[in-house]
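The residues making up each chain are set out below.
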Amino acid sequence: MMAAAGAASDVHILALLGLSIGSVRFVQRLTRYIVRPQETWLTGIHFMGILYWERWRTGSPPDVLMELAAEAAAIEGDKGLESQQREQMAGQMRDLLIQAHMPAAHIQLDLRPHAPALALSILQEAQRGDYAIVALSHHHGDLLSQVTQRASSDFLRQFVPPTTSIWEF
(Lines give C-alpha, C1' and ligand atoms only; values in the text may rest on other atoms or scores of the structure.)
Protein backbone atom coordinates (compact mmCIF):
# COMPACT_ATOMS: atom_id res chain seq x y z
CA MET A 1 0.00 0.00 0.00
CA MET A 2 3.05 2.22 -0.12
CA ALA A 3 2.86 5.63 -1.67
CA ALA A 4 3.16 5.51 -5.43
CA ALA A 5 6.33 6.61 -7.10
CA GLY A 6 6.52 10.11 -8.44
CA ALA A 7 8.86 13.00 -9.01
CA ALA A 8 11.19 14.10 -6.22
CA SER A 9 9.06 17.22 -5.70
CA ASP A 10 5.83 15.22 -5.24
CA VAL A 11 4.04 15.38 -1.89
CA HIS A 12 2.72 12.11 -0.45
CA ILE A 13 -0.07 12.25 2.14
CA LEU A 14 -1.26 9.38 4.32
CA ALA A 15 -4.79 10.17 5.52
CA LEU A 16 -6.19 8.17 8.44
CA LEU A 17 -9.92 7.96 7.76
CA GLY A 18 -13.11 6.62 9.24
CA LEU A 19 -16.22 5.36 7.53
CA SER A 20 -18.42 8.38 8.15
CA ILE A 21 -19.61 11.65 6.70
CA GLY A 22 -17.16 13.27 9.13
CA SER A 23 -14.28 11.74 7.18
CA VAL A 24 -15.77 13.04 3.94
CA ARG A 25 -15.81 16.53 5.51
CA PHE A 26 -12.24 15.98 6.69
CA VAL A 27 -11.12 15.21 3.12
CA GLN A 28 -12.96 18.35 1.99
CA ARG A 29 -11.01 20.42 4.55
CA LEU A 30 -7.78 18.65 3.57
CA THR A 31 -8.21 19.73 -0.07
CA ARG A 32 -7.93 23.37 1.05
CA TYR A 33 -4.33 22.71 2.12
CA ILE A 34 -3.21 20.91 -1.02
CA VAL A 35 -1.13 23.57 -2.74
CA ARG A 36 0.15 21.56 -5.72
CA PRO A 37 -2.61 19.03 -6.47
CA GLN A 38 -0.96 17.78 -9.68
CA GLU A 39 2.11 16.84 -7.63
CA THR A 40 0.22 15.37 -4.66
CA TRP A 41 -0.44 11.69 -3.97
CA LEU A 42 -2.93 10.61 -1.30
CA THR A 43 -3.26 7.23 0.37
CA GLY A 44 -6.33 7.03 2.58
CA ILE A 45 -6.67 4.11 5.01
CA HIS A 46 -9.55 3.21 7.32
CA PHE A 47 -8.04 3.44 10.75
CA MET A 48 -10.23 3.78 13.83
CA GLY A 49 -12.34 0.63 13.64
CA ILE A 50 -9.27 -1.57 13.76
CA LEU A 51 -7.77 0.50 16.54
CA TYR A 52 -10.91 -0.18 18.57
CA TRP A 53 -10.48 -3.93 18.26
CA GLU A 54 -6.81 -3.76 19.14
CA ARG A 55 -7.38 -1.58 22.22
CA TRP A 56 -10.47 -3.39 23.57
CA ARG A 57 -8.44 -5.19 26.25
CA THR A 58 -6.37 -2.19 27.37
CA GLY A 59 -8.83 -0.89 29.94
CA SER A 60 -9.52 2.30 28.01
CA PRO A 61 -12.16 4.57 29.57
CA PRO A 62 -15.72 3.28 28.95
CA ASP A 63 -16.82 6.39 27.03
CA VAL A 64 -13.92 5.92 24.59
CA LEU A 65 -14.81 2.27 24.12
CA MET A 66 -18.46 3.21 23.52
CA GLU A 67 -17.53 5.71 20.79
CA LEU A 68 -15.19 3.24 19.14
CA ALA A 69 -17.75 0.44 19.54
CA ALA A 70 -20.33 2.54 17.69
CA GLU A 71 -17.96 3.00 14.75
CA ALA A 72 -16.98 -0.67 14.80
CA ALA A 73 -20.66 -1.69 14.92
CA ALA A 74 -21.32 0.41 11.84
CA ILE A 75 -18.46 -1.35 10.08
CA GLU A 76 -19.52 -4.81 11.19
CA GLY A 77 -23.18 -4.27 10.27
CA ASP A 78 -24.94 -5.71 7.27
CA LYS A 79 -22.21 -6.69 4.78
CA GLY A 80 -24.12 -5.38 1.76
CA LEU A 81 -24.70 -2.03 3.42
CA GLU A 82 -21.10 -1.95 4.59
CA SER A 83 -19.80 -2.46 1.07
CA GLN A 84 -22.26 0.06 -0.37
CA GLN A 85 -21.41 2.60 2.34
CA ARG A 86 -17.66 2.13 1.78
CA GLU A 87 -18.05 2.61 -1.95
CA GLN A 88 -20.23 5.70 -1.46
CA MET A 89 -17.86 7.31 1.06
CA ALA A 90 -14.80 6.49 -1.05
CA GLY A 91 -16.56 7.91 -4.13
CA GLN A 92 -17.39 11.15 -2.33
CA MET A 93 -13.82 11.49 -1.05
CA ARG A 94 -12.35 10.71 -4.48
CA ASP A 95 -14.69 13.26 -6.12
CA LEU A 96 -13.60 15.97 -3.68
CA LEU A 97 -9.93 15.28 -4.38
CA ILE A 98 -10.47 15.28 -8.15
CA GLN A 99 -12.46 18.54 -7.88
CA ALA A 100 -9.38 19.95 -6.13
CA HIS A 101 -7.46 19.05 -9.32
CA MET A 102 -5.68 15.99 -7.95
CA PRO A 103 -5.24 13.35 -10.70
CA ALA A 104 -7.39 10.25 -10.11
CA ALA A 105 -4.29 8.08 -10.53
CA HIS A 106 -2.77 9.81 -7.48
CA ILE A 107 -5.62 8.75 -5.15
CA GLN A 108 -5.63 5.43 -3.33
CA LEU A 109 -8.44 4.86 -0.82
CA ASP A 110 -8.79 1.70 1.25
CA LEU A 111 -11.85 1.98 3.49
CA ARG A 112 -12.20 -1.75 4.15
CA PRO A 113 -12.21 -2.75 7.79
CA HIS A 114 -8.99 -4.53 8.64
CA ALA A 115 -8.26 -7.33 11.04
CA PRO A 116 -6.94 -6.11 14.42
CA ALA A 117 -3.45 -7.44 13.69
CA LEU A 118 -3.21 -4.98 10.81
CA ALA A 119 -3.50 -1.85 12.98
CA LEU A 120 0.22 -1.85 13.61
CA SER A 121 0.84 -2.60 9.93
CA ILE A 122 -1.10 0.51 8.96
CA LEU A 123 0.93 2.62 11.36
CA GLN A 124 4.07 1.06 9.97
CA GLU A 125 2.86 2.06 6.49
CA ALA A 126 3.49 5.64 7.61
CA GLN A 127 7.04 4.62 8.42
CA ARG A 128 7.66 2.65 5.20
CA GLY A 129 5.97 5.04 2.80
CA ASP A 130 7.51 8.21 1.49
CA TYR A 131 4.94 10.39 3.26
CA ALA A 132 5.57 14.07 3.81
CA ILE A 133 2.30 14.32 5.76
CA VAL A 134 0.17 12.06 7.94
CA ALA A 135 -3.26 13.66 8.32
CA LEU A 136 -6.19 12.89 10.61
CA SER A 137 -9.28 14.70 11.82
CA HIS A 138 -9.69 16.21 15.29
CA HIS A 139 -12.35 13.57 15.95
CA HIS A 140 -9.98 10.70 15.16
CA GLY A 141 -7.13 12.49 16.91
CA ASP A 142 -9.23 12.86 20.08
CA LEU A 143 -10.22 9.19 20.01
CA LEU A 144 -6.64 8.14 19.36
CA SER A 145 -5.44 10.29 22.26
CA GLN A 146 -8.02 8.82 24.62
CA VAL A 147 -7.29 5.25 23.59
CA THR A 148 -3.50 5.59 23.74
CA GLN A 149 -3.47 8.00 26.71
CA ARG A 150 -1.07 10.22 24.73
CA ALA A 151 -1.41 13.17 22.41
CA SER A 152 -2.22 11.80 18.96
CA SER A 153 0.80 13.56 17.41
CA ASP A 154 3.08 12.06 20.09
CA PHE A 155 1.67 8.60 19.44
CA LEU A 156 1.99 8.91 15.65
CA ARG A 157 5.46 10.46 15.87
CA GLN A 158 6.89 7.06 16.88
CA PHE A 159 5.75 5.63 13.53
CA VAL A 160 6.96 8.33 11.15
CA PRO A 161 10.34 9.78 10.21
CA PRO A 162 11.19 13.13 11.84
CA THR A 163 10.73 14.89 8.48
CA THR A 164 7.06 13.83 8.26
CA SER A 165 4.49 16.44 9.33
CA ILE A 166 1.45 15.36 11.33
CA TRP A 167 -1.66 17.36 10.50
CA GLU A 168 -4.72 17.22 12.71
CA PHE A 169 -7.70 19.41 11.91
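See the structure printed just above.
Note that this is a predicted model, so its numbers are computed, not measured.

S.K.: What exactly am I supposed to notice about helix H1 (residues 21-31) here?
M.R.: An α-helix turns once every 3.6 residues. As a result, residues three or four positions apart point the same way. Listed as buried for H1 are Ser23, Val24, Phe26, Val27, Leu30 and Thr31. Burial along H1 is one-sided: seen end-on, the buried residues are contained in an arc of 155 degrees.

S.K.: Whenever I open this one, the nonpolar core confuses me. Can you help?
M.R.: What tends to happen in soluble globular proteins is that the nonpolar side chains get buried as a cluster. Of all hydrophobic cores here, the largest spans 22 residues; its most connected members are Leu17, Leu42 and Met93. Counting only elements with at least two residues in this core, the list comes to strand E1 (11-17), H1, helix H4 (79-99), strand E3 (107-110) and strand E4 (133-136). It is H4 that contributes the most residues to this core, five residues altogether. Setting aside its immediate chain neighbours within four residues, Leu42 contacts Ile13, Ala15, Leu30, Leu97, Met102, His106, Ile107, Gln108 and Leu109. One finds Leu14, Ile45, Leu136 and Leu156 within the second-largest nonpolar core, a separate group that totals 15 residues.

S.K.: I tried to follow the pairing of E4 on my own but got confused; where do I start?
M.R.: Each regular strand shows side chains that alternate between the opposite faces of the sheet. Burial along E4 is two-sided: the residues Ile133 and Ala135 and Val134 and Leu136 are all buried. For E1 and E4, the ladder comprises four bridges, and the chain directions are parallel. Opposite Ala15, over in E4, you have Ala135 as the bridge partner. Here E4 pairs with strand E5 (residues 165-168) via four bridges, running parallel. Counted as the bridge partner of Ile133 is Ser165 from E5.

S.K.: Help me understand the sheet that holds E1 in this model?
M.R.: Strand pairing within a sheet occurs via backbone hydrogen bonds; the two strands may be parallel or antiparallel. In spatial order, the strands read E3-E2-E1-E4-E5; together these five strands make up an open sheet with parallel pairing. Of all strands in the sheet, those with a lone pairing partner are E3 and E5, marking the two edges. Here the strands of the sheet are splayed against their neighbours by 15 degrees on average, with no regard to which way each runs. By the bridge criterion, four bridges tie strand E2 (residues 40-46) to E3 in an arrangement that is parallel. If you follow Ile45 over to E3, its bridge partner there is Asp110. Most of the contacts of H1 go to E1, to which it runs at about 160 degrees, and overall it touches E1, E2, E4 and E5.

S.K.: So what exactly am I meant to see when it comes to unusual backbone geometry here?
M.R.: Working note: non-glycine residues mostly have negative phi, and peptide bonds are mostly trans. One non-glycine residue with positive phi stands out, namely His101, at about 75 degrees. Relative accessible area serves as the criterion here: at 54%, His101 is assigned to the exposed category.

S.K.: Got a minute to help me understand the packing of aromatic side chains in this structure?
M.R.: Each aromatic ring pair is summarised here by two numbers: the centre-to-centre distance and the angle between the ring planes. Tallying each qualifying case throughout the model produces five aromatic pairs. Both rings, one in Tyr33 and one in Trp167, keep their centres 6.1 Å apart while their planes meet at 65 degrees; by these two values the pair is edge-to-face. Here Trp167 lies in strand E5 and Tyr33 lies in the loop between H1 and E2, a separation of 134 residues in the sequence. In textbook terms, an aromatic cluster arises when at least three aromatic residues are bridged by ring pairs, as seen for Phe26, Tyr33, Trp167 and Phe169.

Parameters and conventions
Residues numbered from 1 in each chain as written. Predicted model: local features only at pLDDT ≥ 70, side-chain atom pairs only at ≥ 80, totals over all residues. Heavy atoms only, no water. Buried < 20%, exposed > 50% of the residue type's maximum accessible area, 1.4 Å probe, protein only. Helix = DSSP H or I, 4+ residues; strand = E, 2+ residues; numbered from the N terminus. Arc of directions from axis to C-beta. Core = buried A, V, L, I, M, F, W, Y, C linked by side-chain atoms within 4.5 Å. Contact = heavy atoms within 4.5 Å. Pairing = 2+ DSSP bridges. Axes fitted to C-alpha atoms, helices over the stretch in contact; angles between N-to-C directions. Phe/Tyr/Trp six-rings, centres within 6.5 Å; stacked < 30°, edge-to-face > 60°.

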